[in-house]
Amino acid sequence: QMVPRCEHPLYAKFYKMLKVGVPIHVVKAKMAAEKLDGSIIEMPGDEMIPLNAEAAAPPVDVGDALKKGLAAGLLGSRGNTPNPKSATPSVRKKKLYWKALDASKVTRESLWANELEEEIVMDEEEFNKLFIDEAKTADSPTKQKKVEAAKEPKKQKIILVDMKRAQNGGIALARIKMPYPDVKSKIMNMADDGLSTEQLKSLEDFLPTPEESDKLKSFKGDVDSLGQVEKYMLTMMDVTQQAPRRIKCMIYKQMFKPRVAEIKSKLQKIERACDDVKLSGRLRKVLRTILKVGNQINDGESNMGFTLDSLLKLNAAKAYDKKTTVLQYVITLLHRNDADALLLTEDLKNIDEASRFLIDSLNTEKNQLKDEFNVNFKIVLEVQDKENSSRIGQMIDFLTKAWVLCDDLDKSFETVKTKYANVLQYFGEESTMASSEFFSTLSKFVKEFADSKATVERVRRQEEKAQAAAAAKEKKLKQQLDIQQRNEMNGGDNIDDAVVGRDDVERKETLAMKQQQELEEKENALLAVAGIKIPKKVRKRSQSQSLKLKPGQLDDLLRSRTQNSVDGDANLMLTDDSCT
């Protein structure tokens, strides 16, 4: 590629130094410090030179280079000195990266001490084919072809515009897979099919400026040698007055429907939020409850209502217990009186999205869309008067439909504006209150309401759990007292282990000992009345092993003994067997 010397990356900054008044000897010294020839700065800046750095540099004199002691490598590149290594082939061998044993470790008894009894025969040709790669020499036909191909001169592209602009334009225009004459025809006919919005913007950005047009007019060389940007500019050079306005019309056409859809979507979200607020009976119930609680807190005031921003103060105001907020108390009242009102959040699902948009901003977007429509409509009318209308038929059809959509958008905006005004009146707020402020405040309150509701429900569950645990404990104590009283009345014959509890072992043992003592006393009393004498040996054994008589057994035993005594002998002696 060919560029003016003053715009070449190597020399551009030095020409700029001259332009701002830096002395030429200072510029030459700066170039010498960067190993550039200072005499180049004296050459004309508009002279076309190759962009390639080596081609742009002045030829190096080999003899002069030797005198200055330059490296031999420079001779190799500039003097074309042949490389002696290029004629010898290079050999590559595979390498096995293993770890060899130290020779001192190979003893006579070692595995490696003796050679293999049978020699392994290897095919050398096969081995070389597998593990040795002989690279082709520099004189090989394939290498020679590559060298000859490399020597073929590459066509240099001539750049007439600013280097940075040329690079950016080349990248952008490369995405347009269409001949530039066809692009020009589409622009003049305002036919945007086959072109994206980004491509249309690129076509507008890289239209030639007056200065660039002058350079293109003075160019007398081969057009094929120009870069992509220069070719496009050369094609569009005769329509630079008409093209920008027509491209703007094409961009407006492509962006019209998405812009209308976006404005309409935002308006619909605000409209749904207005309906949610106005039609929610739960919201009305919550606000009326808050009003009643607030009046009661403020010494029985009789306020008829409160401002919307007052809702955000309920979660900050706390009772004297320093735990319960006013909003939590309101939720507690609603739970007792009208639990359905606690489902407030289900009625206001659209207010959060509506809080992101401002009705006045949407009105500005709508009016801007209509103003651009009027501008483009005038452009099309002017073109229609001067040219054949069939060429711009697509644009005329679009504007006809766009007018209907703009009118429909006006109606939608007026509907939303009226609904929002009614909502402000419903709440008693100022008519100048912004929609984003209104819905944002209400959205924050709804979130605080949901959080406070969750807190109240959690505390209520904890209290219910604690009450249930206390009731269970009281019931258990009552059962234990009842069992103890029954045991005392019945002589303690029945001990209910399950009721007394496994953890009350001490109390159980005490009660059992008491019952045993009562039983022994009863047995001794009955024996004394019957005049029965128990030998000491038997009594001692009975005390250690216990008679284990159930209620009534001792009475039956005594009755049977006394009936068998005819003479009523009171001195009846029990034998060991009868006692047992």
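So, here's what we can say about the structure. (Residues numbered from 1 in each chain as written. Predicted model: local features only at pLDDT ≥ 70, side-chain atom pairs only at ≥ 80, totals over all residues. Heavy atoms only, no water.)

1. Regarding unusual backbone geometry
Then step 1. Residues other than glycine seldom take positive phi values, yet Lys35 does so here, at roughly 60°.
Then step 2. Within the secondary structure, Lys35 is located in the loop between α2 (24–33) and β2 (48–50).
Then step 3. Given the relative accessible area of 80%, Lys35 is considered exposed.
Then step 4. Even without being a glycine, Lys322 presents a positive backbone phi close to 60°.
Then step 5. Mapping Lys322 onto the fold places it in the loop between α14 (281–297) and α15 (326–337). (Helix = DSSP H or I, 4+ residues; strand = E, 2+ residues; numbered from the N terminus. Buried < 20%, exposed > 50% of the residue type's maximum accessible area, 1.4 Å probe, protein only.)

2. Some points on the packing of aromatic side chains
The relation between two aromatic rings is expressed through the spacing of the ring centres and the mutual angle of the planes.
Then step 1. One pass over the structure, following the stated rule, counts 12 aromatic pairs.
Then step 2. When the ring of Phe373 is compared with that of Phe377, the centres are 6.0 Å apart and the planes differ by 15°; the resulting orientation is stacked. With Phe373 and Phe377 both in helix α18 (residues 359–386), this residue pair falls four residues apart, about one helical turn.
Then step 3. A relative accessible area of 4% means that Phe373 is categorised as buried.
Then step 4. Among the residues examined, Phe377 registers a relative accessible area of 36% and is labelled partly exposed.
Then step 5. Aromatic side chains Tyr420 and Phe439 sit 6.1 Å apart centroid to centroid with 40° between the ring planes, which places their arrangement in the tilted category. Placement of the pair is Tyr420 in helix α19 (residues 393–427) and Phe439 in helix α20 (residues 435–489), with a sequence separation of 19 residues. Considered together, Tyr420 and Phe439 belong to a single accessibility category, that of buried residues.
Then step 6. A connected cluster of aromatic rings, assembled from ring pairs, spans Tyr420, Tyr426, Phe427, Phe438 and Phe439.
Then step 7. The lysine or arginine in question, Lys366, covers the ring of Phe413, its NZ or CZ lying 5.4 Å from the ring centre. (Phe/Tyr/Trp six-rings, centres within 6.5 Å; stacked < 30°, edge-to-face > 60°. Lys NZ or Arg CZ within 6 Å of the ring centre and 35° of its normal.)

3. As for the environment of Lys453
Then step 1. Tracing the backbone shows Lys453 in helix α20.
Then step 2. For the pair Lys453 and Val330, spaced 123 residues apart in the sequence, the C-alpha separation amounts to 9.6 Å.
Then step 3. Non-local contacts of Lys453, meaning those with residues more than four positions away in its chain, are made with Ile331, Leu342 and Leu343. (Contact = heavy atoms within 4.5 Å.)

4. Some remarks on the pattern of salt bridges
Then step 1. One pass over the full model with this rule turns up 23 salt bridges.
Then step 2. Across the pair Asp352 and Arg356 runs a salt bridge whose closest N-O atoms are separated by 3.4 Å.
Then step 3. With a relative accessible area of 29%, Asp352 lands in the partly exposed category.
Then step 4. Asp407 is paired through a salt bridge with Lys411; the nearest N and O atoms lie 3.8 Å apart. Within this pair, Asp407 and its partner Lys411 are both found in helix α19, separated by four residues, close to a single helical turn.
Then step 5. Judged by relative accessible area, Asp407 falls into the partly exposed class, the value being 37%.
Then step 6. Note on Lys411: relative accessible area 54%, which makes it exposed.
Then step 7. Members of the salt-bridge network, linked through shared partners, are Arg282, Asp340, Glu346 and Asp347. (Salt bridge = Lys/Arg side-chain N within 4 Å of Asp/Glu carboxyl O.)

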